Amino acid sequence: MASGARVWDAIIVGAGIAGSACASRLLAAGMDCLVLEAGPAEDGALPRSFGQKLRGKLDPRLAPPKPGRWPGPLTLSRDGRRYHTAAAVLGTGPGGGSRVYGAALARFERDDLTLHRDPAQWGGAPVEGLLPNAWPIAPEDLEPWYVAAEAALVGASPRPVGNGEIRPLPPLSPRDAALIEAMRSAGLNPERLQVGVNYLPGCTECQGVVCTRPCRRNAWDIFTSGYRAPQLQLEAGCKVQRITRAGGVYEVHCGTGAAAPRFRAARVVLAAGALNSPLVLARSADLWPGGAAPDMVGRGLMFHISDIFMLTVPGNPPAHGARKTIRITDFLEHDGVPYGEIQSLAVDATMALTVDHLRNVAMSMGLERLAPLAELARLAAPVLGAELADATLFATIVEDLPAYGNRVSESARAPDEIRITYRIAPELAERCRKLREMIATRLPQLAPRFATRVPGPNLGHPIGTCRMGSDPALSVVDRDGGVWDQPQLFVCDAAALPSSARTNPGLTVAANALRVGEAIARNAGAGAGAISGRGLAQPA
């Protein structure tokens, strides 16, 4: 990989959902784009000898990364505890999260965009350092890009997508049909999930792992389809360290040392994800007078709180075919209090999954040395096996609020280590407790059983670390993703979202990245690097 003298119209850092979507708008406008992706272009076979597997079970910190997953170290301090290793559930490689995510694609509700949520509004305990969380744009500004994002990413939906195309859902299994019937008899209104899965013959949905078939809709493949060099170039295996600027041109540095590749562009778009984009900005402190990035960079980190629970249908009807099927929105809000969506997990409640879950719970609590004890759960296999086989897993997606003290940073002792400082606010813990009560009260006939004593943050949904806003003192980027006081430097990924809302962020990340990409292309004439060729195509 060699850097040259070429000055690109735009460099996009990250080839995931946001980077791919943004690139599609710039490419449609005739701009030349270089996309720098930290992950490999293709997943190599990971060596998994017996010794490696054993070491990984005895100490999860030594387990090799899974294909398509972020390989770097991730440490977490939760609720004031010491920093400890946490499981990284971030996607990497071209397509990013769309290669391994659950593929549920729902829009944020209008209130998720327009309201500033403060627990004082519903009598909850105050959140220390609560940050603004209403969006600086109107829902109408995002609407056409939701349509475009759905047309690109949705594989199966209960309603027409894009320009009215029907992408049918597979039939429900007898068990899911019975679950929906029981939920409706309890007065709930379950819906079919809209998903980014094509459901080709033999599709298993590949939850949490890289799909080796064209079933899951890969964002990179879809958004950049039809574009080739020299207009589009992908440099995989290129982890961006920092950005500098001289003479009106940005220089993006991959790696460290004098021999590290550097690439030049008139503008740079960060799409490395909510844990990595702020770190790139922090390492690029020389862009600001005084050599320090703004204080808000990396702050306001949000996750959804996910409570995993099992439901059991009397009579144990068979489960087969599609499993990512059910969405419950009855608990989005109750008595003026925001809670969140509930979704089927599309994975079987197996003994292996139980052991893996217990191991991750131990790690999330800083108890790595106890993680191997999760293997003892296998001793209960004769008792638990039949019970687990009858169960269907669901998860809550409870809205988190942005707090100043929740942040992502780099470790001083290990520069490549992503360090998360996160505290579950008492009001959030109370909302999760009340949601558990409502689930148990509304669905007693399905015998809800929760997987853990207390729920934890969904580390696969980091949001808000370069938040969009109207006040530079309380945000990092403006309404169009532009970094305050840094011309032609943008953030278009989940880091820019000022609210976590009450559903999966994937579709909203794509829609906002398309919107930011169009704004960049529209205003590019004011910067260095002219737009030529095809005009900017409008969303369907």
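Residues numbered from 1 in each chain as written. Predicted model: local features only at pLDDT ≥ 70, side-chain atom pairs only at ≥ 80, totals over all residues. Heavy atoms only, no water.

A word on helix α11 (residues 506-523)
Rule in force here: Strands are runs of DSSP state E lasting at least two residues, helices are runs of H or I lasting at least four, and both sets are numbered from the N terminus onward. A helix is expected to reach a length of 1.5 Å times the quantity of its residues less one. Type-normalised accessible area, obtained with a 1.4 Å probe on protein chains alone, sets the label of each residue: buried when under 20%, exposed when over 50%, and partly exposed for intermediate values.
With 18 residues, α11 ought to run about 26 Å at 1.5 Å a step, and its terminal C-alpha atoms sit 26 Å apart, in line with that. Most of α11 sits inside the fold, with 16 of its 18 residues counted as buried.

Comments concerning the nonpolar core
Put simply, the test is: The nonpolar core is taken to be a set of buried Ala, Val, Leu, Ile, Met, Phe, Trp, Tyr and Cys residues, with the residues joined through side-chain atoms within 4.5 Å. Every residue pair with non-hydrogen atoms within 4.5 Å of one another is taken to be in contact.
Core analysis: the biggest nonpolar cluster contains 98 residues, and I11, L26, L36, I243, L281 and V491 have the highest contact counts within it. It is α11 that contributes the most residues to this core, nine residues altogether. Apart from residues lying up to four places away in sequence, I243 is in contact with Y250, E251, V252, V268, L270, V280, S284, L287 and L489. Judged by nonpolar contacts, the second largest core, of 47 residues, contains F303, F394, A403 and V408.

Quick notes on the confidence of the model for the chain
Which entries qualify depends on this criterion: Per-residue confidence from the predictor is given as pLDDT, running between 0 and 100.
Here the chain averages 87 in pLDDT, and 84% of its residues register 70 or above. Every residue in residues 526-540 is under pLDDT 50, and counting partners more than four places away or in other chains gives 37 contacts.

Remarks on the side chain of E399
Heads up, the rule is: N or O atoms within 3.5 Å of each other form a polar contact, as long as, within protein, one can give a hydrogen and the other can take it, and as long as residues adjacent in sequence are counted only when both atoms are side-chain atoms.
By the secondary structure assignment, E399 is in the loop between β18 (391-398) and β19 (407-410). A relative accessible area of 2% means that E399 is categorised as buried. Of note is the side chain of E399, whose polar atom sits 2.9 Å from the side chain of R117. In this view, E399 contacts D112, R117, H304, P338, Y339, L428, R431, S499, S500, A501 and R502; residues no more than four positions away in its chain are not counted.

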